[in-house]
Structure formats: C-alpha cells, structure tokens
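# Descriptive analysis of the structure
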2 protein chains.
Amino acid sequence: MKKDFIFDVIKNSPNSLTAEEIYNDVSQNIDVNLSTVYRTLNNLVDKNLVTKVVRQDKIAYYELANEENPKHYLICDKCSGAFSTEMCNLDKIARKIKRETGFNITSHTLEFHGICPECIKNAK
Amino acid sequence: MKKDFIFDVIKNSPNSLTAEEIYNDVSQNIDVNLSTVYRTLNNLVDKNLVTKVVRQDKIAYYELANEENPKHYLICDKCSGAFSTEMCNLDKIARKIKRETGFNITSHTLEFHGICPECIKNAK
DNA sequence: AAAAATACGCAAATCATTTGCGAGTACACT
DNA sequence: AGTGTACTCGCAAATGATTTGCGTATTTTT
C-alpha cells in the first residue's frame, strides 16, 4: 500500500513536512497522486500516528505523532525557515489551566516568530 | 472612510474576530464589500494597529494590536468555542530562547486544544 | 477646480485541501 | 475458481478563505 511509503517518509524525516514535500519525496519512488497523499495523511492523523499542525502561513505541517516530538517552532520572517525548540515546558502551564478553568487540554501548538541568527547576520 | 468603521469593531470587541464576523458587524451600519474588509484589515496589520493570527482551523483572527492583549487561546474541539487565557508567561521563555539561540523573537502564537468545561458537562 | 492619490465594488483568480465518482485491487467465504 | 464486499487510488471538479485586476468613485493635494 502507498500508505506505507508515505508513513515512511514522515518517520524518517527529522522535521515536519508539508503534504507537497511528502508528495515530492514519495513520487521519487512510486507513482502517487497528490490527493492520495492528502487522504492518507488524514487517515494517519485520525489514527493518531501523525500530528498535523497548521502554521501561520496556512499550510499544514505533518510529523510523527510522538510525545517526545516538539510541536514548538521558531519561524524566521525573513527566510521562512522553521526551527524547532524544546525549550518550553508548557505542560506545567497546561496543568495550571486545567486546574483553574476546568478546560481539559489535549494538545497545543506554539509558534514563535522573529528573525533567525543567520538572517540577523546577513542584514549587516 | 470605511476603515474607521472596521477599526472600531475591532477596538470594541473583547475577543478576536474573523474577517467575516467583522464584515457582518460593519454591514449592519454601512454598506461595505467583503474584499474591502480584507483589504482594510491587511492595511491595519501592516500599520501594526491590528494583529492577525491564523488558527488551526485555517481562518485568520484579528484583534487590536496591544502588548496587553493575550494571543493565547483555549479552543474547544467539541463546540469550537475559543477562550483566551493570560495564564502563560511566555516572555520568560522567549527571552531564554533569544539568549540561548540568538533568534530574535518578535511575536508568538499559542493555541491549546481540548474540551471546555461546558462540553465536559454536557457529555454526561 | 484640475490633477494626483486613495478607497471601493465587483467579478474573477488563487491556492491548499477535499470530495465525488468510477475503476482497479485485495481479502473472505463458499 | 467465482462472487461479494471493502479498500485503495487517480482524476477532475468543488470548496472556501483570501487576494487581485480593473474600472469607477471619492478624497486629498496643489
């Protein structure tokens, strides 16, 4: 099944990917349609095997569902590069919110915007 | 100018609004086109008077640009209600990231997903 | 008031993603 | 093997929020 090829790409990627990036990658090995990629990704998300995060650019990024995986990004507004960070312990905050508001938090997304060191350097 | 009507709606709203919500609101008072609303909103964002945040539903939400304004939301996956929270001091984390990575953070967005107390109650 | 600039409406375009449909393929049970 | 049922896919068209081209109106500047 083509699902396996698609899932493999995600499993082997160190960072999150767009549907199109996955499509391009898988296409190098097998013949596949973009809508199949989207359909498969939705299946994987439904089965909690893959995490989908919509970023400020309105494009969905997919990555392996894994508690260890950071879903926190530093996004450079100059070069559009995305860097992930694990430097934020939001679980503490999530627990506090649950305790004080009764809202049962199951997931979260965090995006920092700014200029990356590389672009800061190049600006000079 | 219609810009003033649009800006007023944002100024007077306690929470962030979609372009369509703003359009509906403004339409009650004056005759306006949806594309004018979008165009005006982009202007306001460019002038840093309004903040635009794209949420996981891929819809842009607009609110008054204001350091005091929380850009952190609790979003209920059942009723789709959005509640804002100020319970997270991310500035501390932002400073830490800047210090340790050199990434110059200018803004951030945070979205918690889960089930709100109301929906938890109704589920029983 | 004429010229230059900006605001606006309308319809068409955009772009990531979804969906309807029809054909191909796999698995199960007899 | 044969038939039935359920997926899996490709393809083309649909979707929906947002943008854009263009012509007209309205405001601002001179």
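Residues numbered from 1 in each chain as written. Chains lettered and ligands numbered in written order. Predicted model: local features only at pLDDT ≥ 70, side-chain atom pairs only at ≥ 80, totals over all residues. Heavy atoms only, no water.

### Observations regarding helix α2 (residues 19–27) of chain A
Residue and element names in this part refer to chain A. Turning to α2, its buried residues number three or more, namely Ala19, Ile22 and Val26. What you see down the axis of α2 is that its buried residues fit within an arc of 65°, all on one side. Looking at the packing, one finds that the buried side of α2 touches α1 (2–12), β1 (17–18), α3 (34–46) and β3 (60–64). (Buried < 20%, exposed > 50% of the residue type's maximum accessible area, 1.4 Å probe, protein only. Helix = DSSP H or I, 4+ residues; strand = E, 2+ residues; numbered from the N terminus. Arc of directions from axis to C-beta. Contact = heavy atoms within 4.5 Å.)

### Concerning the sheet that holds strand β1 (residues 17–18) of chain B
Residues and elements named next belong to chain B. Taken in spatial order, the three strands line up as β1-β3-β2 in an open sheet, and their pairing is antiparallel. Looking at which strands have only one partner, the edges of the open sheet turn out to be β1 and β2 (50–54). By the bridge criterion, two bridges tie β1 to strand β3 (residues 60–64) in an arrangement that is antiparallel. The residue of β3 that forms the bridge with Thr18 is Tyr61. (Pairing = 2+ DSSP bridges.)

### Description of the interface of chain A and chain B
Contacts between chain A and chain B engage 39 residues on the former and 39 residues on the latter. Between chain A and chain B, a total of about 3,200 Å² is buried, with carbon and sulfur atoms accounting for 67% of that surface. The largest share of the area that chain A buries against chain B comes from Met87, Phe103 and Phe112 of chain A, three residues that together contribute 23% of it. Taken together, the links from chain A to chain B amount to zero salt bridges. Run the count over chain A and chain B and you get 11 residue pairs in polar contact (both at pLDDT 80 or more). (Buried area = accessible area lost by both parts, 1.4 Å probe. Salt bridge = Lys/Arg side-chain N within 4 Å of Asp/Glu carboxyl O. Polar contact = N/O pair within 3.5 Å; in protein donor to acceptor, adjacent residues only side chain to side chain.)

### Looking at the protein's contact with DNA strand D
For DNA strand D, the set of nearby residues contains 15 residues, the closest of which are Lys2, Thr36 and Lys58 of chain A together with Tyr38 and Ala60 of chain B. The contact atoms of DNA strand D, taken as those within 4 Å of the protein, divide so that sugar and phosphate hold 68%. Ser35 of chain A has a polar side-chain atom sitting 3.3 Å from a base nitrogen of DNA strand D. Of all the secondary structure elements, the ones that give two or more residues to the surface near DNA strand D are α3 of chain A together with α3 (34–46) of chain B. With four residues, α3 of chain B is the largest single contributor of residues to the surface near DNA strand D. Partitioned by chemical class, the residues of the surface near DNA strand D number five nonpolar, five polar and five charged. (Near = heavy atom within 4 Å. Nonpolar A, V, L, I, M, F, W, Y, C, P; charged D, E, K, R; others polar.)

### Section: the sheet that holds β1 of chain A
Residues and elements named next belong to chain A. Reading across from one edge, β1-β3-β2 is the order of the three strands in this open sheet, with antiparallel pairing throughout. One side of each edge strand has no neighbouring strand; the edge strands of this open sheet are β1 and β2 (50–54). Where α1 meets the sheet, it contacts β1, β2 and β3, and its direction lies at approximately 80° from that of β3. (Axes fitted to C-alpha atoms, helices over the stretch in contact; angles between N-to-C directions.)

### Quick word on the protein's contact with DNA strand C
Neighbouring DNA strand C are 16 residues, the closest being Tyr38 and Ala60 of chain A together with Lys2, Thr36 and Lys58 of chain B. Considering the 4 Å shell around the protein, atoms of DNA strand C inside it are sugar or phosphate in 72% of instances. The separation between a phosphate oxygen of DNA strand C and a polar side-chain atom of Lys2 of chain B is 2.6 Å. Of all the secondary structure elements, the ones that give two or more residues to the surface near DNA strand C are α3 of chain A together with α3 of chain B. Ranked by residue count, the leading element in the surface near DNA strand C is α3 of chain A, at four residues.

### Here's the deal with the domain arrangement of chain A
All names here are of chain A. Here chain A is described as being made up of domain 1 (1–65) and domain 2 (66–124). Distance between the C-alpha centres of domain 1 and domain 2: 21 Å. Residue-level contacts link nine residues of domain 1 with 11 residues of domain 2. Contact between domain 1 and domain 2 buries roughly 770 Å² in total, counting both sides, with carbon and sulfur atoms accounting for 53%. Looking only at domain 1, the three residues that lose the most surface to domain 2 are Val53, Arg55 and Glu63, adding up to 58% of its buried area. There are two residue pairs in polar contact (both at pLDDT 80 or more) connecting domain 1 and domain 2. If you list the elements that add at least two residues to the side of domain 1 that touches domain 2, you get β2 and β3. (Domains from an automatic or database assignment.)

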